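Each chain, letter by letter, is given below.
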Amino acid sequence: MDMLTWTGALSALNPVLMIAAGLLLIAVVLQILTSFFAADPGITANPDGTVAAQGGIYGLAERAVRWLFIALVVICLAYLVAGIVMPMGKAGIVGAISKRLLPVWIALIVLFVLSFNFRRKLGLYGKLFDSTIGMIGFGMVMFWVFTALFSNQIITSGVLDQIAQLKNKAPGSPLPDGTGWYLLGGDHLGRDVFSRMIKGSLIVIEIAPLATLFAFMVGITLGLPAGYYGGRLDAVLSFLANLILAFPVILLFYLLVTPEIVTTGLPQFMAVVLFLFPLIFMIVLLNSRYYVQPTRRNIMIAAVVILGGWLYLSLISTPDTRISFLPKAIDLFNVPANILIVFVSVVFVNSPTVFRIVRGITLDIKTRDYVSAAQTRGERPWYIMLWEILPNARGPLIVDFCLRIGYTTILLGTLGFFGLGLSPESPDWGSTINAGRKLLTIAPHPAIVPALALLSLVLGLNLLADGLREESLKD
Amino acid sequence: MTKWDYDGPILEIDNLSISFFTRLREIPAVMDFSCTVQPGEAMGLVGESGCGKSTVALGVMRDLGKNGRIVGGSIKFKGRDLTTMTEEELREIRGSQIAMIYQEPMASLNPAMKIGQQLMEVPMIHEGVSKAEAYKRALEVVTDVRLPDPERMLKSYPHQLSGGQQQRIVIAMALMTKPALLILDEPTTALDVTVEAAVVDLVKDLGKKYGTSMLFISHNLGLVLETCNRLCVMYSGEAVETGSIKDVFDKMRHPYTQALFRSIPLPGADKNSRPLVAIPGNFPLPHERPPGCNFGPRCDYFEAGRCDAQEITMAPVEGQDRHDTRCLKFTEIDWNAPPEVAAKQEKTAVGEVVLRMEDLRKYYEVSANALFGGGDTKVVKANETLSFEAREGETLAIVGESGCGKSTFAKVLMGLETATAGTIMLYDNEIQSTPIESRNTETVSGVQMVFQNPFDTLNPSMTVGRQIIRALEIFGEGKTDADRRERMLELLDLVKLPRAFADRMPRQLSGGQKQRVGIARAFAGGAKIVVADEPVSALDVSVQAAVTDLLMEIQRKNKTTLLFISHDLSIVRYLSDRVMVMYLGHVVELGTTDQVFAPPYHPYTEALLSAVPIADTRVKKKHIVLEGEIPSAMNPPPGCPFQTRCRWKSKVPGNLCETEVPPVRRLGNGHQVKCHLSDADFASMEPVIEVAAE
Amino acid sequence: MLKFLLRRLVTMILTALCLTFIVFYLTNLPPNLEKVAKSELGARISDAEVASWLDKYGYSRPLLVRYGEWLGVAPGWTGSDQGVSIGRCVKRGADLESAPKYCGVLQGSWGFSTVFKDNVGAIISTRLTLTGILMFWVMVLMVPTALLIGILAGMREGSKLDRSLSTFSIATSATPEYVSGVILIAVFASSMVGLKWFKGTATSAMDAPNFENFFLPVLTVALYGIGYIARMTRASMTEVMTAQYIRTARLKGVSFRNVVMKHALRNALIAPFTVIMLQFPWLLNGVVITETLFNYKGFGWTLVQAAGNNDIQLLLGCSVVAVIVVLVTQLISDVGYVFLNPRIRIS
């Protein structure tokens, strides 16, 4: 078998791509420059009520940018589609990867077609499809979500399989037995960079959103009363939040995520406290709303306590550690101690910021008349906080949630980069970058591939947040 | 700088059309608008919110933002067409020839620049004068707008000034280069009534002194009457009637103008014998305008097949000075026919006392320096010795400007705060020191509140029905969910909203509709006492009457005691049985409506009455302008709270006013005044408002 | 104003005490101490030997007492080892009487690093200087670039320039240092791409920083901050540009240039100033990552070494410095905010 080139049989397209990209760049620069000098970018109204840009150099540049962009997208699509259609390896590395990612493409297309058709009925999520930036961001995020979901179908080799001949080999190197390729080359131990990158997404997609969700639970449960009551409670909670925020994150990680700490059981105790928050949150949420109808309230809360409590106990109880009281038979799952500590410390770092945001929004919303109206009809504080204030704070919170998942992803990478928490052979992106950085000047691909993967996910989340912010401000 | 000579009209707007463009559609904001402003003339532009009056002003300034465009017509300023000017030419005219004053004075001044710099900038740009010269001019103009200590003013930052002072600075800034045209966009809406009166007075005087023409935009007909020579009434993007003040006020020739006048409480209107006539229906949204006459669907004289068949143009009214109207039928309508009066209501009998306050006080402790915290605390006396009683079925109006303590009083009554001293008796219960958490459901549901801001009064993320049902749940009304739903629908009927609104979200409702939901919610538990905190002040004139009437009707039905907090004396006069005037936490006057609105007055009441603009040419008002600003409640003057602005102070011997809080004087029949003036002085007072005989 | 400063200072000291105590607690957990004992006496000693060693060297006393000693507010422990007098403040075998009673951070005695075999104070001061040089160049590159991008983008919201610059700043703020560093090295320093414009390590920059060996680490640290600060500046700028007083200025006839320069800029810079200052804790992260990646042996690198090798004294010292840096920048940000914003300054 031969070494694969990047584009294989489609390499004829490469010059076209280069020229299109170059022209696009020139056109964008030209457009920006002319926008300074074009006196009044006159907009003319069409009879149908839409707005059209006018002629002149500026208009020309604008049209050029649009068409070149479309051309560029078409060429890129050509690489991907050809890769799916042509036999494995014929369309080069890009084509082969595209073929491996087929389930992801299908899932993305289905999701987008469905969402786009029903976008008027889907609230804020639907409005996302009015914003190009938001759509691109959402596409990037969902790409990684589906990749993580289908990771077992996508990978070409085992994550830990080592082939000594392929140590530090460039992308597209064939396997010695001729059954395939290391599409993105081999790392310093001869493992497949592509498969590790794909599997690494699973770790991020599993931990980051969940950790962010917990951070939000903690931040909301503390931020609401701090903002609503103010006074001493606020002072104490704000002081604590500032305390954590003043702590350099890396130092905190180095102090928290060490084997010594794990043996003291400290992370588990912290988990005991942190994971209690969602449970309390749900109970308070339901009680405040339904306490006027005691029977309904009792049923709902009993259900939450039993189900949530079971999950909670399963989560915190792990055999052979300091907290182990649940019999094995009913212990639903065990989280490995090193994952737990990573999870806890990420939640710990994130929640003060969420606290501050929630507190700020609460301070703003509590001056509204509908909050006074609730007070004058004798509502209890927690009802006002959870049912009158929180739902109206959802816009900024959703935006921040997306941003924060990105931030959490960065934090997870940081942990991996310093070899903290996760085991060294774990395929997560941070650890892989750490392993690859030593040979960066000779064989950069083992580090570059996960770096770009991480970059695209975080970028997607940021773009998504930007799109959401823009759309939520519109009404 | 070119100030070319031209002796034609200052501003000629011809068939102006302005549209805003969104991704979905074109939204016409102003259509076929024409008007002319002659030199030295003041033109009023009147209409409800969304009628396009501010858009006209911004169109004249050519500052319509990215989405707005002038799609037709011309705007000639001193004979030159503004619509075709380049950005460069416009900049020369802006600020030097045409100046603009806006609604929010605080927002229109740069917070990080000293006042002096902001003023001096104007002549320095337009006339290239030196710094010293510019400073001299700034000093002059600041003196002209009657600000104390001009030199210190120039050195201050905007936030160090009060709202009234800031607005004077904005006016000064506009007058720096003696512009030919001054555009004022609701310049006094954000100010208190007595401050407003002083600013309006100033604008009138300066207009004369500088010979400036004015375009005065307002929703308040009374204010326009006081300031302008001519006016133009706008409705839904079109001018519907234009003419001299006298013609339009007394001989209106458009049904909308007529309806507008009938829906505002003028002297003589009375809730029982001469109720207001509300305009039916709602203001059309820009993309839902009807064919033909925009006012058609709400018009009493509407004739199907005629009024909605064609575009209607302005037609001159014969025999009057430039009086035009956009009505096909204006020659056919009998304009002198009296309005159809709804069945006269019997005056509701006033029952027993339900609420009694005695010597109520509410003090707050605040730290003297809010930002840097700590240190000395100051006592703010938000309410001082408040005593009154309210009876079943009665309407008691509480009148006062900002800082007078009316909101604090409402909070204490509702139980959101507890009183510092004194008693509040609700029937036979003392509730002054029971916070709302410890009150029983009956007390809570018995005292409810209607809030001021319709856009804030409903939770934006809950359906209308759900919010009313929640109130029912809390008040323990209804046994099952079905019961409560039924009761909620009945409440919607009560406030005359369609039942389908139960499933709507608040953002789908107009301001007036939201306010109705707020009323329904307040009455969910069969409230005995309802505190209405300026319930209609944020609503458009045509909606105000309907909401007021609704409140009255429910009150009659339920024999509710209504505590009506307001600063608008016209509406107070219209609907209240008794009036309580407050100033800086003190009740300065209390009596029946007739007693309060007729002499003898408390000096503050007198000034307040004079300050309120009345949209009636027959009314003659005494001209009383209060000097200075309302003192801060943090730092009240010693002695009588009103002594710093009182024009009667010299009549009181010695320095009694400055040293002693006046005692409550009973003038008979429950009329009481807190003042040091002698009986003879009281007797010498003349009525402020006189209606000329018809 | 003075009162405000005083209050901030008190809160700051309280925060510093809390944080150092937490670090002290976490570094003095029993497993860590056990490791120290084993590194002194050999890995195979029994639990009893560990306990007696810890006892002898003052590690077994209550945590608060030890914290007080370390801080220098409690008298240092003394004892004897095989007849030789030892103590926290006593050189081995020296006279107990003549030794100072207190020796802690406050007295300037920061302890002895087991990894570098040197005084912690000396190590930190040299390392901090190196990092200071790095940070200086980062600031020189980051602040003007970020502000310029933010202002240009926010000046005309929605223009092509705005969209291009915003996309750029979103992209850089989505790139953590370990990603941008890897990409920069791969592109500019690796044999694979072959540009080889810069060096992939900055070890030589410790002695003689120059463009070739120092630009990549500086750019790596600055890039993330540029994106973040530029976004803040843009947001603040767009908000100011829609403010009513900007319209007032425009309608006074002020030219667009002067509207931006004289009216908008000062108001728009208030928010980013705070952000720049509050960026410091995050920049510290970036410094640690970048120094590790480029093998530049500054403060961040030292911190990693201390933490990785259980060098308790050095780690404590590093934490103190880190915490103080963060708190001081917070204080500057508060004071600066008050100073920049006349609305707060004069009240």
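Nothing here was measured: the structure is a model prediction, and the numbers come from that model.

## Re the overall build of chain B
Scanning chain B from terminus to terminus reveals 21 helices and 26 strands. A principal-axis box enclosing the C-alpha atoms of chain B has dimensions of 75 × 70 × 55 Å. Out of the 694 residues belonging to chain B, those deemed buried represent 56%. Put simply, of all contacts in chain B between residues at least 6 apart along the chain, 67% involve residues at least 24 apart. Of the roughly 27,500 Å² of accessible surface on chain B, a fraction of 49% belongs to carbon and sulfur atoms. When the 78 basic and 90 acidic side-chain charges of chain B are each reduced to a single mean position, those positions are 2 Å apart.

## Here we look at the overall build of chain C
Looking only at helices and strands, chain C has 14 helices and four strands in total. Over its C-alpha atoms chain C spans a radius of gyration of 26 Å, topping by over 25% the 20 Å that the globule rule assigns to 347 residues. Counting only C-alpha atoms and orienting by the principal axes, one finds that chain C spans roughly 90 × 60 × 35 Å. When burial is assessed residue by residue, chain C has 54% of its 347 residues classed as buried.

## Quick notes on the pattern of salt bridges
What the rule picks out here adds up to 60 salt bridges over all chains. Of the charged contacts, one joins Asp 456 of chain B and Arg 368 of chain A as a salt bridge, the two residues approaching to 4.0 Å between their closest N and O atoms. Pair noted here: Asp 456 of chain B is in the loop between β18 (447-450) and α13 (464-474) and Arg 368 of chain A is in the loop between α15 (337-365) and α16 (369-376), and the two residues belong to different chains. Arg 368 of chain A sits in the partly exposed class, given a relative accessible area of 26%. Across the pair Lys 136 of chain B and Glu 133 of chain B runs a salt bridge whose closest N-O atoms are separated by 3.9 Å. Here the residue Lys 136 of chain B and the residue Glu 133 of chain B both occupy positions in helix α4 (residues 131-144), the gap between them amounting to three residues, near one helical turn. The exposure class assigned to Glu 133 of chain B is partly exposed, which follows from its relative accessible area of 30%. A single network of salt bridges, built from pairs that share partners, joins Arg 377, Glu 379 and Glu 388 of chain A together with Arg 466, Arg 470 and Glu 473 of chain B.

## A short note on the UniProt feature "domain: ABC transporter" (unreviewed entry) in chain B
According to UniProt, the positions carrying the feature "domain: ABC transporter" (unreviewed entry) are residues 11-261 and 355-609 of chain B. In residues 11-261 of chain B, helix accounts for 39% and strand for 27%; the two terminal C-alpha atoms are 28 Å from one another.

## Side note on the interface of chain A and chain C
Contacts between the two partners involve 49 residues from chain A, matched on the other side by 54 residues from chain C. Summing the contributions of chain A and of chain C, the shared interface buries around 4,500 Å²; its carbon and sulfur component is 79%. Where chain A touches chain C, the interface holds one salt bridge. Between Asp 466 of chain A and Arg 231 of chain C there is a salt bridge, and its shortest N-O distance comes to 3.9 Å. Counting every contact that joins chain A to chain C gives three residue pairs in polar contact (both at pLDDT 80 or more). Of all elements in the fold, only α1 (13-37), α9 (231-245), α10 (249-256), α11 (259-264), α18 (394-417) and α20 (445-473) of chain A reach the threshold of two or more residues within the side of chain A that touches chain C.

## Regarding the domain arrangement of chain C
All names here are of chain C. Once the domains are mapped, chain C shows domain 1 (2-107) and domain 2 (121-346). One C-alpha centre belongs to domain 1, the other to domain 2; they are set 37 Å apart. Each side of the interface is counted separately: domain 1 has 18 residues, and domain 2 has 15 residues. Roughly 1,500 Å² is buried in total at the junction of domain 1 and domain 2, and carbon and sulfur atoms are behind 78% of that figure. Broken down residue by residue, the surface that domain 1 buries against domain 2 is led by Arg 8, Met 12 and Trp 70, which jointly contribute 32%. At the boundary of domain 1 and domain 2, one finds zero salt bridges. Between the two partners, domain 1 and domain 2, sit one residue pair in polar contact (both at pLDDT 80 or more). Elements with a minimum of two residues in the side of domain 1 that touches domain 2: α1 (2-27) and α2 (30-41). Here the side of domain 1 that touches domain 2 takes twelve residues from α1, the largest share from any one element. Considered class by class, the residues forming the side of domain 1 that touches domain 2 number eleven nonpolar, five polar and two charged.

## Concerning α13 of chain B
Along α13 of chain B, ten of the eleven residues are buried, which leaves the element largely enclosed by surrounding structure. Among all positions of α13 of chain B, only Val 464, Gly 465, Gln 467, Ile 468, Ile 469, Arg 470, Ala 471, Leu 472, Glu 473 and Ile 474 of chain B are buried. The inward-facing, buried residues of α13 of chain B abut α13 (276-290) and α17 (381-389) of chain A together with α12 (441-446), α14 (481-494) and α15 (511-522) of chain B. Gly 476 of chain B sits one or two residues past α13 of chain B and shows a positive phi near 70°.

## Concerning the domain arrangement of chain B
All names here are of chain B. Entries for chain B in the domain assignment read domain 1 (11-228), domain 2 (392-576) and domain 3 (591-691). Between domain 1 and domain 2, the C-alpha centre-to-centre distance is 39 Å. In this assembly, seven residues from domain 1 lie in contact with six residues from domain 2. For the pair domain 1 and domain 2, the two sides together bury roughly 560 Å², of which 38% comes from carbon and sulfur. When residues of domain 1 are sorted by the area they lose upon contact with domain 2, Glu 48, Asp 192 and Val 193 head the list and together hold 70% of the total. Taken together, the connections running from domain 1 to domain 2 amount to three residue pairs in polar contact (both at pLDDT 80 or more).

## Quick word on the environment of Glu 311 of chain B
Residues and elements named next belong to chain B. Positionally, Glu 311 belongs in the loop between α10 (255-263) and β11 (315-316). Using a relative accessible area of 64% as the deciding quantity, one classes Glu 311 as exposed. Put simply, Glu 311 and Pro 291 are 20 residues apart on the chain and 7.5 Å apart in space, counted from C-alpha to C-alpha.

## A look at the UniProt feature "transmembrane region" (unreviewed entry) in chain C
Residues and elements named next belong to chain C. Following the UniProt record, one finds the feature "transmembrane region" (unreviewed entry) at residues 9-27, 134-155, 176-194, 214-231, 269-294 and 314-340. Helix makes up 96% of residues 269-294 and strand 0%, whereas the separation of the span's terminal C-alpha atoms amounts to 33 Å. Secondary structure across residues 314-340 divides into 100% helix and 0% strand, with the first and last C-alpha atoms of the span separated by 38 Å.

Reading guide: rules and limits
Residues numbered from 1 in each chain as written. Chains lettered and ligands numbered in written order. Predicted model: local features only at pLDDT ≥ 70, side-chain atom pairs only at ≥ 80, totals over all residues. Heavy atoms only, no water. Helix = DSSP H or I, 4+ residues; strand = E, 2+ residues; numbered from the N terminus. Buried < 20%, exposed > 50% of the residue type's maximum accessible area, 1.4 Å probe, protein only. Contact = heavy atoms within 4.5 Å. Areas by Shrake-Rupley, 256 points an atom, 1.4 Å probe, with all protein chains shown as cover. Lys, Arg positive; Asp, Glu negative; His and termini not counted. Charge placed at Lys NZ, Arg CZ, Asp CG, Glu CD. Rg over C-alpha atoms; globule rule 2.2 N^0.38 Å. Salt bridge = Lys/Arg side-chain N within 4 Å of Asp/Glu carboxyl O. UniProt positions renumbered as here; feature names shortened; annotations may be inferred. Buried area = accessible area lost by both parts, 1.4 Å probe. Polar contact = N/O pair within 3.5 Å; in protein donor to acceptor, adjacent residues only side chain to side chain. Domains from an automatic or database assignment. Nonpolar A, V, L, I, M, F, W, Y, C, P; charged D, E, K, R; others polar.

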